[in-house]
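Topology and contacts: notes
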Amino acid sequence: MKNKLLCLLILFFSIKLIAQNTHLQGTVSNQEKKLPNVKIHTGNDQYKTITDTNGKYDLALPAGKHKVVFYSAEYGKKIIVVELTKNETKKLDISFSTENINEIDEVKLRNRSAIQEVKETPFNVVAIDAKQFYNTTMDLGQILDKASGIKIRESGGVGSNMNINLNGFTGNNVKIFMDGVPMQGFGSAFQLNNIPVGIADRIEVYKGVVPIEFGADAMGGVINIVTNQSRNSYMDFSTSYGSFNTHKTNLNLGYTSKSGFTAQLNAYQNSSDNDYKVKTEVKNLQTQQTPLGEYHWVKRFNDAYHNEAVVAKVGFVKKSWADRFLIGATLGSEYAEIQQGYIMSVVFGEKNRRAKSNLYSLSYEKRNLFVKGLNVRVNANYNITNNRQYDTINKSYNWIGESIIKNSVGEYGNPTLSKFKNKNKSVNANIAYQITPEHSIMLNDVFTTFKRFSVNDAAIDDADNVQSDIERVSSKNVLGLSYRYMSPNKKWTTNVFGKQYNMDVTGPVNIGDSGHPNFEEQNRKYNITGYGIANTYNFKYIQLKASFEKAYRLPTDTELFGDEVLEIGSAAIKAEESLNYNLGATFNKAISKNSTLYLDMNLFYRDTSDFIRRVPDQREGGLVNSNWGNVTNLGVDAEVRYYYKNRFAIGGNVTYQNMVNMERYTTGNSQQLAVMYKDRIPNIPYFFGNADATYYFHDLWGKGNTLSIGYTFNFLNQFYLNWPSLGASDSKDDIPTQMWNDINVTYAFQNGKYNISFEANNINNELLFDNFYNQKPGRRFALKFRYFITSRQKK
């Protein structure tokens with residue numbers, strides 16, 4: 001395969017890139033105020049942007065002459081012809097008047113909403129504009145839950161375990177990046193449900209087929225968090241308080257000098273008692289029996305959580321030797337009490353974990369390096385995470401908080417007083433070259449390493465001691481090469497790519513049985529090749545997309561080595577293989593001078609081998625990872641949205657996915673037909689959606705003040721916790737159908753400088769359940785204050 005990649009590289013090395021290294025910047029206003037959400041695009045609709053809450057914009061363009069359209073739903077459109085030289089940044093302020101309203105005969109703009117915009121690439125990708133949620137208390141996970149095809153799954157309140165379900169694939173099948181850098185190894189303090197929305201500019205969601213620049217071994221897709229890349233100076237501070245003694249604070253600072261020196265700081269903290277009530281069965285500690293069907297409302301009592309993080313970056317932008325050069329340091333700490341295992345029947349009263357993370361990063365980008373059209377990007381990370389877990393008491397608890405003395409230490413299973421250190425290294429290098437506007441190539445390589453050092457000072461079992469002493473090391477390399485063709489009229493784009501996956505794993509493997517574990521050190525190597533193609537065709541208002549990929553997903557560090565808390569790993573786990581097919585269509589049109597309609601639909605099919613399944617341990621409440629076999633998934637997701645001026649927006653999305661077990665026989669060598677053959681995979685939702693509406697009252701109680709009122713309806717259909725074919729029909733465990741409602745009210749005054757928000761989530765107090773029937777919080781409220789100022793660097 002390496003020879004093939006080399007041949008392709010030589011074949012396409014006669015290609016050149018037209019770089020967008022010039023900028024048109026300015027402010028859009030009328031006679032009285034700055035105008036947010038003004039759509040700006042070139043005449044051919046290739047380059048686009050939108051003004052921010054202060055009416056400011058920054059449009060990246062190639063050098064040359066351009067017809068630029070400025071469109072406001074309230075004031076009409078203006079067309080300006082500008083000419084830019086190479087590396088020039090030109091300032092252009094636009095002023096609308098009431099006379100502009102009569103200038104519009106037909107709105108030719110393919111409107112991008114502030115909530116969702118479609119990337120004009122052949123990949124099935126959507127992007128969520130995070131700026132529209134800055135005044136909410138949402139974290140990045142909750143923002144993602146609003147996108148079609150995505151279901152965020154959490155086991156509880158603030159800081160709880162979270163994974164992403166994207167087009168049927170869940171957990172580690174979906175890879176997460178921040179500014180193109182893999183977040184695997186960042187530590188649990190940097191989960192999506194810990195990170196405030198203020199850290200992101202937008203969130204890109206790639207479904208199924210993944211472009212090579214991410215270097216990802218992801219079958220479900222990729223989520224890329226794009227942080228604030230503004231070259232302005234700004235300060236954004238927010239604090240909130242909510243139910244269950246929940247506090248969230250975020251400070252975001254940025255500064256850029258005339259010389260190009262830039263500094264960024266983002267600090268945040270989250271804390272909560274998580275003492276919400278749950279309805280559950282309660283174990284009798286004297287008889288050690290749990291009366292079935294007897295439910296009690298009880299308060300969670302060992303679930304407090306807090307984390308703190310500081311992300312700092314300094315460097316230079318717009319220099320002759322670098323468009324962007326940043327070095328950074330990220331420091332994080334976390335404390336989490338552990339109330340339960342992965343199932344609610346396993347209750348802990350004093351178990352907890354702690355973690356501290358130090359991450360150091362370097363980022364370099366340069367367009368037209370050495371020769372025109374050669375673009376280079378390099379990102380590197382080094383992360384050290386120190387973890388501790390405490391479980392040494394000789395007590396057993398139930399949900400009422402009662403305890404009983406045990407003859408052994410450790411609330412469930414063996415005692416733990418473990419210390420372990422994870423070391424992660426990651427380097428991502430990307431080279432793109434283009435010789436004509438029609439042809440381009442890209443070469444990308446991502447190399448990551450992982451090493452764990454662990455000690456259990458409380459281990460009393462010989463197998464635990466042996467397992468702790470075994471080395472846990474993995475290294476992974478994903479090399480990708482792609483060729484892109486874009487037709488001269490820019491309507492048709494094709495991307496063909498190949499990926500080479502290599503992995504080397506050393507770790508403990510249990511060669512005994514569950515009752516008599518016997519661990520030995522083993523080594524596994526993977527050397528596999530994947531490939532794919534993605535196409536798109538643009539009509540006037542419609543975009544069609546089709547893509548295919550033979551993809552692989554290598555086991556993660558947690559699947560290989562566990563998390564030393566509740567998840568059990570195995571170095572014997574094999575890589576997943578999948579054939580991914582996607583077909584989609586988007587309609588986006590301004591149907592009148594005041595309103596826009598957006599429709600999007602995607603069909604997907606996955607055929608997966610060696611599917612990695614997570615199954616709970618009923619005795620100790622942990623999770624066991626193992627390869628299952630062949631699984632297929634056929635589904636569809638759709639979204640519709642309507643916008644009226646800048647006053648009203650309504651929309652919703654729905655997802656249906658049918659993930660089916662295709663393992664015909666009970667074991668690989670058996671001819672006995674499996675009872676679960678063609679059963680839907682348990683504990684995975686298959687039908688869900690949401691709908692939302694927002695109305696804006698502009699200039700309320702003063703110029704530049706805006707009141708917005710929003711409502712969201714959420715729906716999740718019933719699904720089984722276990723195999724549908726097992727057990728009697730009236731005794732099968734399932735997660736019931738759930739419908740809940742959220743409202744939010746925000747008042748922004750002085751053009752967004754001061755903001756106050758109120759949120760009420762699950763206002764109908766619906767019983768909400770998720771992974772393995774874990775109960776989530778009921779009705780809850782939050783109040784948030786935000787202060788934001790910015791200034792543009794004068795030229």
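Quick caveat, the model's predicted, so the values are computed rather than measured.

1. Here we look at the overall build of the protein
Of the regular secondary structure elements, the protein holds four helices and 50 strands. A total of 795 residues make up the protein; the buried ones form 56% of that total. The contacts in the protein between residues at least 6 apart in sequence include a share of 66% that link residues at least 24 apart.

2. Describing empty space enclosed by the protein
Any empty space left between the atoms is revealed when a probe the size of a water molecule rolls over them. Inspection of every chain in the model, using the stated rule, returns nine cavities of 30 Å³ or more. Approximately 200 Å³ is the volume attributed to the second largest cavity. Taken together, 20 residues form the lining of the second largest cavity, with Thr 136, Pro 196, Ser 238, Asn 250 and Lys 784 sitting closest to its centre. Residue assignment for the lining of the second largest cavity shows that the elements contributing at least two residues are strand S18 (233-242), strand S19 (246-256) and strand S50 (780-791).

3. Structural notes on the nonpolar core
If you look at the biggest cluster of nonpolar residues, it comprises 33 residues, and the most contacted ones within it are Leu 140, Leu 144, Ile 150 and Ile 164. Within the residue set of this core, elements represented by two or more residues are strand S10 (125-129), helix H2 (140-144), strand S11 (150-154), strand S12 (162-166), strand S14 (174-178), strand S16 (200-207) and strand S17 (221-227). Formed by 17 residues, the second largest nonpolar core is a distinct cluster that contains Leu 24, Val 38, Val 68 and Leu 84.

4. Remarks on the pattern of salt bridges
Counted by the stated rule, this structure contains 23 salt bridges. Measuring nitrogen to oxygen at the nearest pair gives 3.9 Å for the salt bridge that ties Lys 550 to Glu 577. Of this pair, Lys 550 sits in strand S34 (residues 542-553) while Glu 577 is found in strand S36 (residues 576-590), placing the two residues 27 residues apart along the sequence. Overall, Lys 550 belongs to the buried group, its relative accessible area being 19%. Overall, the relative accessible area of 27% leaves Glu 577 in the partly exposed class. Here Lys 703 makes a salt bridge to Asp 699, at a shortest N to O gap of 4.0 Å. Residues joined in a network through salt bridges with shared partners are Asp 129, Lys 131, Asp 201, Arg 202 and Glu 204.

5. Structural notes on the sheet that holds strand S38 (residues 612-616)
Taken together, the three strands give an open sheet; going across it, the order is S35-S39-S38, and neighbouring strands pair in mixed fashion. What marks the edges here is a single partner per strand, and that holds for strand S35 (567-568) and S38. Examined bridge by bridge, S38 and strand S39 (residues 623-627) share five bridges and lie antiparallel to one another. Directly across from Arg 614, in S39, lies its bridge partner Asn 625.

6. Notes on a nonpolar patch on the surface
Taken together, Tyr 695, Phe 697, Ile 709, Tyr 711, Ile 743, Val 745, Ile 756, Phe 758, Ile 763, Phe 781, Leu 783 and Phe 785 make up a surface patch of nonpolar side chains, about 960 Å² in accessible area. Here the nonpolar patch gets three residues from one element, more than from any other, and that element is S50.

7. Details of the sheet that holds strand S2 (residues 39-42)
Read from one edge to the other, the open sheet built from four strands follows the order S3-S2-S5-S6, with strand pairing classed as antiparallel. A single partner strand is all that each edge strand has here, and the edge strands are strand S3 (48-50) and strand S6 (76-84). Along the sheet, successive strands turn relative to each other by an average axial angle of 20 degrees, direction set aside. Of the strand pairs in this sheet, strand S5 (residues 64-72) and S6 are connected by nine bridges, and their pairing is antiparallel. Following the sheet pairing, Tyr 71 is matched in S6 by Lys 77.

8. Concerning the packing of aromatic side chains
One pass over the structure, following the stated rule, counts 27 aromatic pairs. Between Phe 548 and Tyr 581 the ring centres are 5.0 Å apart and the planes differ by 45 degrees, which places this aromatic pair in the tilted class. One end of the pair, Phe 548, is in strand S34; the other, Tyr 581, is in strand S36, with 33 residues separating them in the sequence. Against the face of Tyr 541 rests Lys 589, its NZ or CZ located 4.7 Å from the ring centre.

9. Notes on unusual backbone geometry
Here Lys 318, not a glycine, exhibits a phi torsion of approximately 55 degrees, which is positive. Considering the arrangement of structural elements, one finds Lys 318 in strand S23 (residues 305-319). Even without a glycine there, the phi angle at Lys 645 is positive, about 50 degrees. Among the secondary structure elements, Lys 645 is positioned in the loop between strand S40 (631-644) and strand S41 (648-661).

10. Some words on the pairing of S14
The element S14 is largely enclosed, with a buried count of four among its five residues. When S14 meets S17, the two strands line up parallel, connected through five bridges. Paired with Phe 177 across the two strands is Asn 224, which belongs to S17. The pairing of S14 with strand S15 (residues 181-182) spans two bridges and is antiparallel. Of the residues in S15, the one forming a bridge with Met 178 is Val 181. Counting the residues that bridge the hairpin from S14 to S15 gives two residues, and of these Asp 179 lies at a positive phi of roughly 55 degrees.

11. A word on the confidence of the model for the protein
On average, residues of the protein score 84 in pLDDT, and 88% of them reach the 70 mark or higher. Considering each helix and strand of the protein separately, the mean pLDDT is smallest for strand S9 (residues 116-118), with a value of 38, and largest for strand S47 (residues 754-761), with 96. Throughout residues 1-20 the model reports pLDDT below 50, and contacts reaching past four residues in sequence, or to other chains, amount to 44 contacts. Ignoring residues within four places in sequence, the model shows residues 98-119, a span with pLDDT below 50, making 66 contacts including any to other chains.

12. A short note on the side chain of Asn 428
As for its position among the elements, Asn 428 is in strand S29 (residues 416-434). A distance of 3.5 Å separates a polar atom in the side chain of Asn 428 from the backbone oxygen of Glu 213. Within the local environment of Asn 428, its side chain forms a polar contact with the side chain of Asn 444, the two groups lying 3.3 Å apart. Setting aside residues no more than four positions away along its own chain, Asn 428 makes contact with Gly 180, Glu 213, Arg 377, Val 378, Asn 379, Asn 444, Asp 445 and Val 446.

Calculation notes
Residues numbered from 1 in each chain as written. Predicted model: local features only at pLDDT ≥ 70, side-chain atom pairs only at ≥ 80, totals over all residues. Heavy atoms only, no water. Helix = DSSP H or I, 4+ residues; strand = E, 2+ residues; numbered from the N terminus. Buried < 20%, exposed > 50% of the residue type's maximum accessible area, 1.4 Å probe, protein only. Contact = heavy atoms within 4.5 Å. 1 Å grid on protein atoms, 1.4 Å probe; cavity = no way out; pocket = protein on both sides within 12 Å on 5 of 7 lines; lining within 4 Å. Points joined across faces, edges and corners; volume = space filled by probe spheres on them. Core = buried A, V, L, I, M, F, W, Y, C linked by side-chain atoms within 4.5 Å. Salt bridge = Lys/Arg side-chain N within 4 Å of Asp/Glu carboxyl O. Pairing = 2+ DSSP bridges. Patch = residues over 30% accessible without salt bridge, like charges linked within 9 Å, V, L, I, M, F, W, Y side chains within 5 Å. Areas by Shrake-Rupley, 256 points an atom, 1.4 Å probe, with all protein chains shown as cover. Axes fitted to C-alpha atoms, helices over the stretch in contact; angles between N-to-C directions. Phe/Tyr/Trp six-rings, centres within 6.5 Å; stacked < 30°, edge-to-face > 60°. Lys NZ or Arg CZ within 6 Å of the ring centre and 35° of its normal. pLDDT = per-residue confidence, 0-100. Polar contact = N/O pair within 3.5 Å; in protein donor to acceptor, adjacent residues only side chain to side chain.

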